[in-house]
Amino acid sequence: TSTAEVVVINRSADYLVKHGTPYLPASLITDWQHYNPYLPLMELFGLPREAGFPELLGDPRIWTSLVTVVALTAAFALMVPGAGQDRRRQVAVLTAISVASPLIGFQLTVGVTDPPIIALICLTLALAARGRFLGAALVLAVACATKPTAWAVVPVLAVMTWVGASHRAAVKFTGTVIGAAVVLALAAAPNALATPDAIKLNLIDYPLGTTKFKTVADSPLPGHLISQLGHAGHLTVDALLALAIIAFAAWLLGRPPRDARDTTVRLIVLYAVLFTLAPSSRYGYYAYPLALVAWLALTKGATGAKAQTLRFQVPRLRLPRR
């Protein structure tokens, strides 16, 4: 059975192949599932179906699961110390725990698109923890060209890079993320910029809940409830979001994160606040802060060293030898 996310990806991929953009204009939108709140790289998960792959291999969930597993494996491989078979076992166990958890496994099964983004964010944090800022920027760019939720990581990690490395490294990191994300998005959807109204409708108006058709996937969270009070409610939510972002920016700059662990804590707070106050949100988005809490638990023991030499002490898992 296809879930709403799978339907959106498949329909957008079909429109992308035919028109060079995944965003339908207002004239073709007849229900809420015609809106596409994703960025162009997300539609790549629907291209196997367009290429004629059989039913199973053409299902976007197969490919979102593959990206999630690969990204998480790479992330844990960066965090687990040592070498040899014991290290490989630890990486495999940590990856299995993550993928089997309800936060990742359940969402992959039903077709929710957040797990690959969460996995790419974890890989970004792991690379940054090792001082590999170029790799972190490129991985984050992929996530940012796939779903808007990944963009919250950019300013937080940029500040960590500024404090842990240098202002020049922070500028290069930020520029690389933005530049690479734009290039990837344009390469995936070369005609998207020719329809700015469709972009605004799908990427801005729909997530803000101001379109004709509303999502049925929302949840009774404060931001959503307040936004239902009409124009005054929307203005109130916008003001609350603005105040929350200003307060977070003051905290971020006043007490900047000095390592990847501090950065993860900041992201947990930021995601929790944004998803609580967003006018069109759902409980499922709390997978982001909760998954990052789990990431801290599975990779706990960060030192206070600078980003270039930051090391994490991952607790060794005692596994029976065969």
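Residues numbered from 1 in each chain as written. Predicted model: local features only at pLDDT ≥ 70, side-chain atom pairs only at ≥ 80, totals over all residues. Heavy atoms only, no water.

Draft legend 1. Main features of the packing of aromatic side chains. Scanning the model with the defined rule gives eight aromatic pairs in all. The interplanar angle of 40 degrees and the centroid separation of 5.3 Å between the aromatic rings of Phe76 and Trp295 together place this pair among those described as tilted. Of this pair, Phe76 sits in helix α3 (residues 60-79) while Trp295 sits in helix α14 (residues 287-298), and the two are 219 residues apart along the sequence. Each member of the pair Phe76 and Trp295 is classed as buried. When the centroid spacing of 5.6 Å and the interplanar angle of 50 degrees are considered together, the rings of Phe275 and Tyr288 count as tilted. Of this pair, Phe275 sits in helix α13 (residues 260-277) while Tyr288 sits in helix α14; the two residues are 13 residues apart in sequence, bridging distant segments of the chain. (Phe/Tyr/Trp six-rings, centres within 6.5 Å; stacked < 30°, edge-to-face > 60°. Helix = DSSP H or I, 4+ residues; strand = E, 2+ residues; numbered from the N terminus. Buried < 20%, exposed > 50% of the residue type's maximum accessible area, 1.4 Å probe, protein only.)

Draft legend 2. Structural view of the confidence of the model for the protein. Residues with a pLDDT of 70 or more make up 92% of the protein, whose mean pLDDT is 88. Here helix α11 (residues 222-227) stands out as the element of the protein with the lowest mean pLDDT, 82, in contrast to helix α7 (residues 133-144), whose mean of 97 is the highest. This stretch, residues 301-322, has a pLDDT under 50; its non-local contacts, to residues over four places away or in other chains, come to 58 contacts. (pLDDT = per-residue confidence, 0-100. Contact = heavy atoms within 4.5 Å.)

Draft legend 3. Inspection of the side chain of Gln107 at higher detail. With respect to the helices and strands, the residue Gln107 is situated in helix α5 (residues 102-110). The contact partners of Gln107, leaving out residues within four places of it in the chain, are Pro102, Val112, Asp114, Pro115, Gly284 and Ala287.

Draft legend 4. Structural view of the nonpolar core. Ile121, Phe173, Tyr271, Tyr288, Leu292 and Trp295 are the most contacted members of the largest nonpolar core, which has 64 residues in total. The element that contributes the greatest number of residues to this core is helix α6 (residues 114-129), accounting for 12 residues. Every residue in contact with Trp295, bar those within four places of it in the chain, is listed here: Ala75, Phe76, Met79, Cys122, Leu125, Ala126 and Thr264. (Core = buried A, V, L, I, M, F, W, Y, C linked by side-chain atoms within 4.5 Å.)

Draft legend 5. Structural view of a nonpolar patch on the surface. On the surface, Trp151, Ile178, Val182, Leu186 and Leu193 cluster together to form a nonpolar patch covering roughly 430 Å² of accessible area. Of note, Leu186 is situated in helix α9 (residues 167-188). A relative accessible area of 35% means that Leu186 is categorised as partly exposed. (Patch = residues over 30% accessible without salt bridge, like charges linked within 9 Å, V, L, I, M, F, W, Y side chains within 5 Å. Areas by Shrake-Rupley, 256 points an atom, 1.4 Å probe, with all protein chains shown as cover. Salt bridge = Lys/Arg side-chain N within 4 Å of Asp/Glu carboxyl O.)

Draft legend 6. Here's a closer look at the packing of α3 against helix α4 (residues 84-100). Interaxial distance between α3 and α4 falls to 9 Å at its minimum, and their mutual angle equals 135 degrees. Between α3 and α4, the angle is such that the two are oblique. Of the two elements, α3 crosses α4, and the hand of that crossing is right-handed. The segment α3 lies against α4, with Val69, Leu72, Thr73, Phe76, Ala77 and Leu78 engaging Arg87, Val91, Leu94, Thr95, Ser98 and Val99. (Axes fitted to C-alpha atoms, helices over the stretch in contact; angles between N-to-C directions. Parallel < 35°, antiparallel > 145°, perpendicular 65-115°, else oblique. Left-handed = near helix turned anticlockwise from the far one by under 90°.)

Draft legend 7. Broad picture of α9. In this model, α9 (22 residues) spans 32 Å end to end at C-alpha, consistent with the 32 Å of a helix rising 1.5 Å per residue. Buried within α9 are the following residues: Ala169, Ala170, Phe173, Val177, Ala180, Ala181, Ala185 and Ala188. Along the long axis of α9, the arc covered by the buried residues comes to 130 degrees, so they all point the same way. Pointing more than 90 degrees away from the buried face of α9 are the exposed residues Arg168, Val171, Lys172, Val183 and Ala187. Buried residues belonging to α9 abut α1 (4-19), α7 and α8 (153-164). (Expected span 1.5 Å × (residues − 1). Arc of directions from axis to C-beta.)

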